[in-house]
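So you can see what is in the structure, the chains are spelled out below.
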Amino acid sequence: MNKPDQDPGHATLAELAAYWRMPSKRAARELARALGLRRVRGKFPWFAIWQAERIAPPPKKRWDELKHPHLTTTDLAELLGESKRSAQRRDHSKPDAGFPDPVPIRKKPKLWRASQVNAWCAGLPVPVYRVKSRSAQVTSTETPKALSKTNFNGFDPYAQKRFAAKPNGKMTASTANGKTDEHP
């Protein structure tokens, strides 16, 4: 396979600002930094952008529709022919359960995926993008906290070597299984 079949490409900072409907490139760069996105040769990989939006890697047929700029509440109000206030409250009271949820990258202004809203308006099935599982969404800043709070109750193959170096050299059944507390 050649490169275009394997990778959806990269977005420049200007494309990212238009995609997220940001007022400037600087605002887009700050949001990207807050979401943990890193530039690769001056551009942001689409897979990383979608991962920051909590979407699992989409199939190739969805790449083009996911690159369309998001809709703001003003765009949504014009598209649906309703007031801006009604568009802002769309996710609070859902008379139609099929209406898509806003993109969860920021609270204000709310953003919706253009492909989902356009499909809903046309009466077509709304495309559903798989959401990344919570375990896959754990960031590097959450990892040390999560690991320190978990109690390991499984088998630890290095327990014997770790506790053999202790001065008394005693191992109990609980320390052999990986627990660190010793019983007298």
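Before reading further, recall that the structure is shown in the block above.
Each value, and the rule that gives it
- Residues numbered from 1 in each chain as written.
- Predicted model: local features only at pLDDT ≥ 70, side-chain atom pairs only at ≥ 80, totals over all residues.
- Heavy atoms only, no water.
- Helix = DSSP H or I, 4+ residues; strand = E, 2+ residues; numbered from the N terminus.
- Contact = heavy atoms within 4.5 Å.
- Areas by Shrake-Rupley, 256 points an atom, 1.4 Å probe, with all protein chains shown as cover.
- Core = buried A, V, L, I, M, F, W, Y, C linked by side-chain atoms within 4.5 Å.
- Buried < 20%, exposed > 50% of the residue type's maximum accessible area, 1.4 Å probe, protein only.
- Salt bridge = Lys/Arg side-chain N within 4 Å of Asp/Glu carboxyl O.
- Phe/Tyr/Trp six-rings, centres within 6.5 Å; stacked < 30°, edge-to-face > 60°.

K.L.:
Even after reading the chapter, I still don't get the overall build of the protein, so can you show me in this structure?
P.N.:
In terms of helices and strands, the protein carries 11 helices and 2 strands. Ordered by position from N to C terminus, the α and β elements of the protein give α-β-α-α-β-α-α-α-α-α-α-α-α. Sequence separation of 24 or more characterises 51% of the internal contacts of the protein that already satisfy a separation of 6 or more. Summed over its atoms, the accessible surface of the protein is roughly 12,400 Å², and 53% of this surface lies on carbon and sulfur atoms.

K.L.:
In this structure, what is going on with the nonpolar core? I would like to understand it.
P.N.:
Soluble globular proteins tend to bury their nonpolar side chains together. By size, the foremost hydrophobic cluster in this structure holds 24 residues, and its most contacted members are Trp-20, Ile-49 and Trp-50. Within the residue set of this core, elements represented by two or more residues are α2 (13-19), α3 (25-35), α4 (46-52) and α5 (63-66). With residues near it in sequence (within four places) discarded, Trp-20 still touches Ala-28, Leu-31, Ala-32, Leu-35, Leu-37, Ile-49, Glu-53, His-70, Ile-105, Arg-106 and Leu-111. Counting 8 residues, the second-largest nonpolar core is a separate cluster that includes Ala-77, Ala-87, Ala-114 and Val-117.

K.L.:
Looking at this structure, how should I read the side chain of Thr-72?
P.N.:
The topology assignment puts Thr-72 in the loop between α5 and α6 (73-80). Residue Thr-72 is classed as buried on the basis of its relative accessible area, which comes to 13%. Residues in contact with Thr-72, not counting those within four places in the same chain, are Arg-21, Lys-110, Leu-111 and Trp-112.

K.L.:
So what exactly am I meant to see when it comes to helix α8 (residues 114-122) here?
P.N.:
Because an α-helix completes one turn every 3.6 residues, residues spaced three or four positions apart along the sequence face the same direction. Those residues of α8 that fall on the buried side of the exposure criterion are Ala-114, Ser-115, Gln-116, Val-117 and Ala-119. Trailing α8 by a residue or two, Gly-123 shows a phi angle of about 80 degrees, which is positive.

K.L.:
What's the story with the pattern of salt bridges in this structure? I'm lost.
P.N.:
Opposite charge on two side chains allows them to pair when their charged atoms are near. Under the definition given, this model contains 4 salt bridges. With a closest N to O distance of 2.8 Å, Glu-65 and Arg-62 form a salt bridge. The class of Arg-62 is partly exposed, set by a relative accessible area of 23%.

K.L.:
I keep staring at the environment of Lys-108 and nothing clicks. Help me out?
P.N.:
Locating Lys-108 in the fold gives a position in the loop between α7 (84-88) and α8. Judged by its relative accessible area of 75%, Lys-108 falls in the exposed class. A sequence separation of 35 residues divides Lys-108 from Thr-73, and the C-alpha atoms of the two residues are 9.8 Å apart.

K.L.:
Looking at this structure, how should I read the packing of aromatic side chains?
P.N.:
Each aromatic ring pair is described using two quantities: the centre-to-centre distance and the angle formed by the ring planes. Using the criterion set out here, one finds 5 aromatic pairs in the structure. When the ring of Phe-99 is compared with that of Trp-120, the centres are 4.8 Å apart and the planes differ by 90 degrees; the resulting orientation is edge-to-face. Here Phe-99 is found in the loop between α7 and α8, whereas its partner Trp-120 is found in helix α8, with 21 residues between them in sequence. Taken together, the ring pairs in this structure connect Tyr-19, Trp-46, Phe-47, Trp-50 and Trp-63 into an aromatic cluster.

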